[in-house]
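Chains, contacts and geometry: an overview
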Amino acid sequence: TMWPLPAALSLLLLLLLLLQAPPCRLQSLGTTKLRLVGPGSRPEEGRLEVLYQGQWGTVCDDDFALQEATVACRQLGFETALTWAHSAKYGQGEGPIWLDNVRCMGTESSLDQCMSNGWGVSDCSHSEDIGVVCHPRRQRGYLSERVSNALGPQGRRLEEVRLKPILASAKRHSLVTEGAVEVKYEGHWRQVCDQGWTRNNSKVVCGMLGFPSEAPVNSHYYRKVWNLKMKDPKSRLKSLTQKNSFWIHRVNCLGTEPHMANCQVQVAPARGKLRPACPGGMHAVVSCVAGPRFRPSKAKPGRKESWAEELKMRLRSGAQVGEGRVEVLRNHQWGTVCDHGWNLISASVVCRQLGFGSAREALFGAQLGQGLGPIHLSEVRCRGYERTLSDCPSLEGSQNGCQHENDAAVRCNVPNMGFQNQVRLAGGRSPEEGVVEVQVEVNGVQRWGAVCSDHWGLTEAMVACRQLGLGFANHAIKDTWYWQGTPGAGEVVMSGVRCSGTELALQQCSRHGPVHCSHGAGRFSAGVSCTDSAPDLVMNAQLVQETAYLEDRPLSQLYCAHEENCLSQSADHMDWPYGHRRLLRFSSQIYNLGRADFRPKTGRHSWIWHQCHRHYHSIEVFTHYDLLTLNGSKVAEGHKASFCLEDTNCPTGLQKRYACANFGEQGVTVGCWDTYRHDIDCQWVDITDVGPGNYIFQVVVNPKYEVAESDFSNNMMRCRCKYDGHRVWLHNCHTGDSYRANTELALEQEQRLRNNLI
C-alpha cells in the first residue's frame, strides 16, 4: 500500500516546522499583554508572564538571555534590561507555559515577533519560569501605568465596586461612605461574603471609591439587621443568598493594592459549585473616611498633623480634581518628583496623602506639564503602607540625571459627590460650550435654571468646567443670546456667584440668597467654553532677585517710555529733556508650564502698533509692576506693561513657534519662556518720588485674567525690597503659590491687594 509514504512525509514536514520554530503572529501582544509578577514595590523586575487567549501564562528559561529580556523590557515600557533570572527565582507561576525556546535578534518591538516553539508548545515545568530585571528608567513616549494594566487573571471581569447604604442616615447623604460591598463581576452586581473579610480589604475598597482610609464597623448591629431580614417572610434575601451567583466567595488583600482585582479574589468555592459560597455568613460591610475636601462642612476636622502633611504636597496642571504633576515642599521650596521607578503604589501614597483614594494612573514623562525649580525626589520606592511620600525610600532628584521632562504625575480615584448631575451646558456648537444651567432647590423643589452673568468671570467659569468634568475654562461668556438654552430652564435660579476657584461645584460658591439679576434672564445668562488643556504662566522669581538694580536715566532717553505711560505722573511736570528719573530695573523671564500655548485673547486685527518701539502689542495689559508699603498701599505708581509675546528661548529639542518680528504670530509655547531683559524700555518701576524704607515689590502676570490659565495662584511674584535712597536690595522673591504652604493667598485676597483695597 501507499500509506507509509504520506505519513513519513507529514512527519518530516512537522519536524522541519518545529526546527524552524516560526513565531506565532496571530495576535500582536502590545504593551498591555506582558507583565512582571514579583516584589510589589519594584515594577521593573519579576516573573515574566504573557497574556494569550485571555489567560496569563509564563515563559520557559530555555535559550532565554539578555537579548530576549531587552525585548520584553522595551515592550513593558522600560529603556532596556539589566539582567534575567532563570529557575523560577521570582516564584513558580500558574497556568500554561505559553512560550519556550524564545530567540530574539534584539531589535523586535514585542516578544511575539521573536522565534519560539509556538504558543503553548513546551517541554518545561514551572520550576523553569523566567524572570527579568529591567532598567527602572521608562522609555520616552511610554506614558503611564494604569490600574487596568495591573489586573490579575480575572481582573478584566471585576469591573466596579460600590457601597450599598443600609443605615437610614447613610441613605440620606449624597456621598455614601458606609454600606455593604457590591462588586460588578462580568456585568452583574454581587455581594461579598464577610467570612475572612479584613480591614486591608476595606482599605482597598475605600481607595477605589476615592477615600483615603477606612474606619471600623459596628458588625454586631449589621448582623442584627441581616438576621431580621433573613427571618422576614416578605424579603427575597434568604432565597437570593442560597444562590452562588449572589456572592463573591472570598477576597484577600494586602491593603496596598490600587484595585480589588489585584487582590486574591475567589468568586466561587474551590471544591465544586455545589458548595454554598457563604454558609452562615452575611454581606461584608465597609465604612470609609472621606478626605477633607469631600466632607460635609459640619464634619469635624481631621487631625492637625494630617492636614500639615497634606500641605507639603500638591498637584499642578491637572484638568480634573485629583490629577496633576506631583510637587513636594522641602526647605521652603516646591519641587517635582522624577519618574524613575515611579509606579501605582507610590502614586497611591501621594493620592491618599492628599485626601483622595488610591491611584488609577501613574504618569511619566511630564505628561501634565514640566515644573520649575528643583527636582526633589527620584527612585521613590513606596511599599504602599506609608502615610506620606516622605516616609518612602528615595534618592535626591539631582543624583541620577533627572530633568523636568521626567516629572511624575498622578490620577487619583475621587469620590462621586453627584455634583456632575447638578450642572449642564445647552445650546453650544460642541459638548464643551454653552449656556450654564444648574439644578438648585427653589421652594423645596429641585429646579433647573440659568445663572446670572453679573460678576461672572474666569474663576467662576473654571469651577463650572471642573464640575462638568470638562477640565479648564477657556472663556467666561456673559452674553449668550446666540445659544438656545433648554426649554423650561431659562429662568435665572442663581445670581451673584463668586468663587475662590478651589470649589468642586458652583453650588459651593457664595451667591445671593434671593435671586437678584440686574438684567433678567435670556441673552445675558452665563456661559462657558471648556478645554482639557490650558497654559500656565509663572515668573522666574530668582532671576528678578539676581538682576535688580537702580539707574538714574536722563529724560532725553525716555521719550518713548513716557509716551507709553511707563513713568510716574510727576514726569509730566518736569523740564524735558533736562533731569533724570530713578528707575528700579530688573529682568523678567515668564515660563509657560502648562499644557497649551499661551496665545493673545484677540486676533491680529485688534493688535496695537507702537510706533516708538516699532512692534505690535497683542495684549495691552500683560503685567502690573508695583511698589507697595508693607501693609499693601502703593507708593510707586507702577505701570501696566504691555508686551509683544514671543518665544525667547525653548529647551533643547523644542522648536520656537512665536516671534514678534514682521507681524509674526505672538504667544508663548508650552515649555518655553519669554524674557524681557533689564535694559529694554519699560522694564522697570519708576521710584523717583519714593523715599528710603522697606517695601514690597510686586509683579502680576495676566492680571485681568484676559487669557485662561490652569492655575492663577502662581501669577503674582513678590519680593521684599530695602531702599536706602542710594541702593536697592531685593530678597525673598517668591511666586504667590510658593512662599509658605500654610499661608498661600486665596485668590480673593490677591485681587484685593492688586486693587489696593487692603
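Numbering of residues starts from 1 in every chain and runs along the sequence as written. In keeping with the model being predicted, local features are shown solely for residues with a pLDDT of at least 70 and side-chain atom pairs are shown and tallied solely at 80 or more, while totals for entire chains, interfaces and linings include all residues. Excluding hydrogens and water, the side-chain figures rest on all heavy atoms present in the structure.

Think of it this way: any DSSP run of H or I at least four residues long counts as a helix, any run of E at least two long counts as a strand, and we number them from the N terminus. Summing up its helical and strand segments, the protein has twelve helices and 41 strands in all. Remark: exposure states derive from per-residue accessible area (1.4 Å probe, protein chains only) relative to the maximum for the residue type, with buried under 20%, exposed over 50%, and partly exposed in between. In the protein, buried positions account for 53% of the 758 residues. The contact rule is simple, with two residues in contact once any of their heavy atoms fall within 4.5 Å. Sequence-distant contacts in the protein: of pairs separated by 6 or more residues, those separated by 24 or more amount to 72%. With an accessible surface of roughly 35,700 Å², the protein has 51% of that area assigned to carbon and sulfur atoms. Each accessible area value is a Shrake-Rupley result obtained with a 1.4 Å probe; residue values ignore everything except the protein chains displayed when judging cover.

Each nonpolar core is a collection of buried residues, namely Ala, Val, Leu, Ile, Met, Phe, Trp, Tyr and Cys, held together in the definition by side-chain atoms within 4.5 Å. The biggest cluster of nonpolar side chains holds 58 residues, and the ones touching the most others in it are Val181, Met260, Trp342 and Leu389. Counting residues per element, this core draws most heavily on helix 8 (residues 344–353), which supplies six residues. Excluding its chain neighbours within four sequence positions, the residues that come into contact with Met260 are Leu158, Val161, Val181, Val183, Trp197, Val204, Val205, Met208, Val251 and Val265. Membership of the second largest hydrophobic core comes to 31 residues, among which are Met539, Val685, Ile687 and Cys733.

Once that is clear, we can look at the confidence of the model for the protein. Looking at any residue, its pLDDT shows the predictor's confidence there, from 0 to 100. Averaged over every residue, the pLDDT of the protein is 82; residues scoring 70 or more account for 85%. Taken as a whole, residues 13–32 scores under 50 in pLDDT and shows 35 contacts with residues more than four places along the chain or in a different chain. In the model, residues 149–156 has pLDDT below 50 throughout and makes 23 contacts with residues more than four positions away in sequence or in other chains.

Inspection of the secondary structure puts His283 in the loop between strand 14 (264–266) and strand 15 (285–289). By relative accessible area, His283 is classed as buried at 9%. Separated by 86 residues in the primary sequence, His283 and Trp197 have C-alpha atoms spaced 9.7 Å apart. Beyond its immediate chain neighbours, meaning those up to four positions away, His283 contacts Ile166, Ala180, Gln191, Val192, Asp194, Trp226 and Trp247. For His283, the side chain forms a polar contact with the side chain of Gln191, separated by 2.7 Å. Whenever a nitrogen or oxygen atom comes within 3.5 Å of another N or O atom, the pair is scored as a polar contact, on the condition that within protein one atom can donate a hydrogen and the other can accept it, and that pairs from neighbouring residues in sequence are kept only if both atoms are in side chains.

Moving on, we get to helix 4 (residues 199–208). In an α-helix, one turn spans 3.6 residues, which is why side chains three or four residues apart end up on the same side. Among the ten residues of helix 4, eight are classified as buried, and the element is accordingly described as predominantly covered. Those residues of helix 4 not exposed but buried are Asn201, Ser202, Lys203, Val204, Val205, Cys206, Gly207 and Met208.

Let us look at the pattern of salt bridges. When the charged atoms of two side chains lie near each other, side chains of opposite charge can form a pair. In what follows, salt bridge is the name for a side-chain nitrogen of Lys or Arg lying within 4 Å of a carboxyl oxygen of Asp or Glu. Overall, the coordinates contain 26 salt bridges when judged by the stated rule. Measuring nitrogen to oxygen at the nearest pair gives 2.8 Å for the salt bridge that ties Arg447 to Glu491. You can see Arg447 sitting in strand 25 (residues 445–451) and its partner Glu491 sitting in the loop between strand 26 (472–477) and strand 27 (492–494), a full 44 residues away along the chain. Judged by its relative accessible area of 29%, Arg447 is partly exposed. Glu491 sits in the partly exposed class, given a relative accessible area of 46%.

The buried fraction of strand 28 (residues 527–531) amounts to five of the five residues, a majority that puts the element mostly inside the structure. Side chains Gly527, Ser529 and Thr531 of strand 28 all project onto a buried face; the interleaved residues Val528 and Cys530 project onto the opposite face, where all are buried too. Bridge analysis of strand 24 (residues 433–442) against strand 28 gives three bridges, and the strand direction is antiparallel. Paired with Val435 across the two strands is Gly527, which belongs to strand 28. Taken together, the five bridges between strand 26 and strand 28 define a ladder with antiparallel strand orientation. Paired with His475 across the strands is Ser529, a residue of strand 28. Each pair of strands is called paired provided DSSP finds at least two bridges between the two strands.

The three strands lie next to each other as 30-31-38, forming an open sheet whose pairing is antiparallel. At either margin of the open sheet sits one strand with a lone partner, and together these are strand 30 (549–554) and strand 38 (684–686). With strand direction ignored, the average angle separating the axes of adjacent strands in the sheet is 35 degrees. Two strands pair when backbone bridges link them, and strand 30 and strand 31 (residues 580–585) are joined in this way by six bridges, in the antiparallel orientation. Pairing of Pro554 across the sheet is with His580, part of strand 31. Every axis corresponds to a line fitted to the C-alpha atoms, with the helix fit spanning only the stretch in contact, and the corresponding angles, defined between N-to-C directions, vary from 0 to 180 degrees.

Here a cavity denotes grid points, spaced 1 Å and computed from the protein atoms alone, that fit a 1.4 Å probe unable to get out, and a pocket denotes an open set having protein on both sides within 12 Å along at least 5 of 7 lines; residues with an atom within 4 Å of a point are the lining. Grid points are joined across faces, edges and corners, and a volume is the space filled by probe spheres set on the points. Here the structure, examined in full by the defined rule, presents three cavities of 30 Å³ or more. Its boundaries defined by the atoms lining it, the largest cavity holds a volume of some 50 Å³. Together, Gly255, Thr256, Ile345, Ser348, Val349, Arg352, Gly384 and Glu386 line the largest cavity. Of the pockets and cavities examined, the second largest cavity occupies roughly 40 Å³. Around the second largest cavity, the lining residues are Ile166, Tyr222, Val225, Trp226, Lys229 and His283.

In this section: the environment of Lys184. Within the secondary structure, Lys184 is located in strand 9 (residues 178–185). A relative accessible area of 21% places Lys184 in the partly exposed class. Along the sequence, Lys184 and Arg162 sit 22 residues apart, while their C-alpha atoms lie 8.4 Å from each other.

This part covers the sheet that holds strand 37 (residues 673–676). Spatially, 29-32-37 is the arrangement adopted by the three strands of the open sheet, whose pairing is antiparallel. Each edge of the open sheet carries a strand with a single partner, namely strand 29 (537–539) and strand 37. The sheet shows a mean angle of 20 degrees between the axes of neighbouring strands, taken without regard to direction. Direction of pairing for strand 29 relative to strand 32 (residues 588–592): antiparallel, over a ladder of three bridges. Bridging across to strand 32, Leu537 finds its partner in Asn592.

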